Amino acid sequence: MLVSLHWFVFLLNLPVAAWNMYRLMKVPLGNMGVFDPTEIHNRGQLKSHMKEAMIKLGFHLLCFFIYLYR
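Reading the values: the criteria
Residues numbered from 1 in each chain as written. Predicted model: local features only at pLDDT ≥ 70, side-chain atom pairs only at ≥ 80, totals over all residues. Heavy atoms only, no water. Patch = residues over 30% accessible without salt bridge, like charges linked within 9 Å, V, L, I, M, F, W, Y side chains within 5 Å. Areas by Shrake-Rupley, 256 points an atom, 1.4 Å probe, with all protein chains shown as cover. Salt bridge = Lys/Arg side-chain N within 4 Å of Asp/Glu carboxyl O. Helix = DSSP H or I, 4+ residues; strand = E, 2+ residues; numbered from the N terminus. Axes fitted to C-alpha atoms, helices over the stretch in contact; angles between N-to-C directions. Parallel < 35°, antiparallel > 145°, perpendicular 65-115°, else oblique. Left-handed = near helix turned anticlockwise from the far one by under 90°. Contact = heavy atoms within 4.5 Å.

S.K.: Help me out: how do you make sense of a nonpolar patch on the surface in this one?
M.R.: Judged by side-chain polarity, Leu-61, Phe-64, Phe-65, Leu-68 and Tyr-69 come together as a nonpolar surface patch covering roughly 580 Å² of accessible area. For Phe-65, the location among the structural elements is in helix 2 (residues 43–69).

Structure representation (structure tokens):
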């Protein structure tokens, strides 16, 4: 993206990429991944995972229309 000078798209995707890297670095050793299937049904974790998923869905929907009409 930077070679073709798409700075706006790069800056738009930078926070989400940084958040995904932060989440991957925060996974404890021994867990299968960010969403541990044995612990995801705890009420507190389920609500936070659903909130994060809805925020990412909104972001990707926004990006879809930006990419479509750009």
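Moving on, there is more to tell.
S.K.: Please explain the packing of helix 1 (residues 7–25) against helix 2 as it appears in this structure.
M.R.: Angle between the axes and distance between the axes: these two values describe a pair of packed helices. Interaxial distance between helix 1 and helix 2 falls to 12 Å at its minimum, and their mutual angle equals 160 degrees. Accordingly, the angle class assigned to the pair helix 1 and helix 2 is roughly antiparallel. Pair helix 1 / helix 2 crosses with left-handed handedness. Taking contact as the criterion, the partners of Phe-8, Val-9, Leu-12, Asn-13, Val-16, Trp-19, Asn-20 and Arg-23 in helix 1 are, on helix 2, His-49, Glu-52, Lys-56, Phe-59, Cys-63, Ile-66 and Tyr-67.

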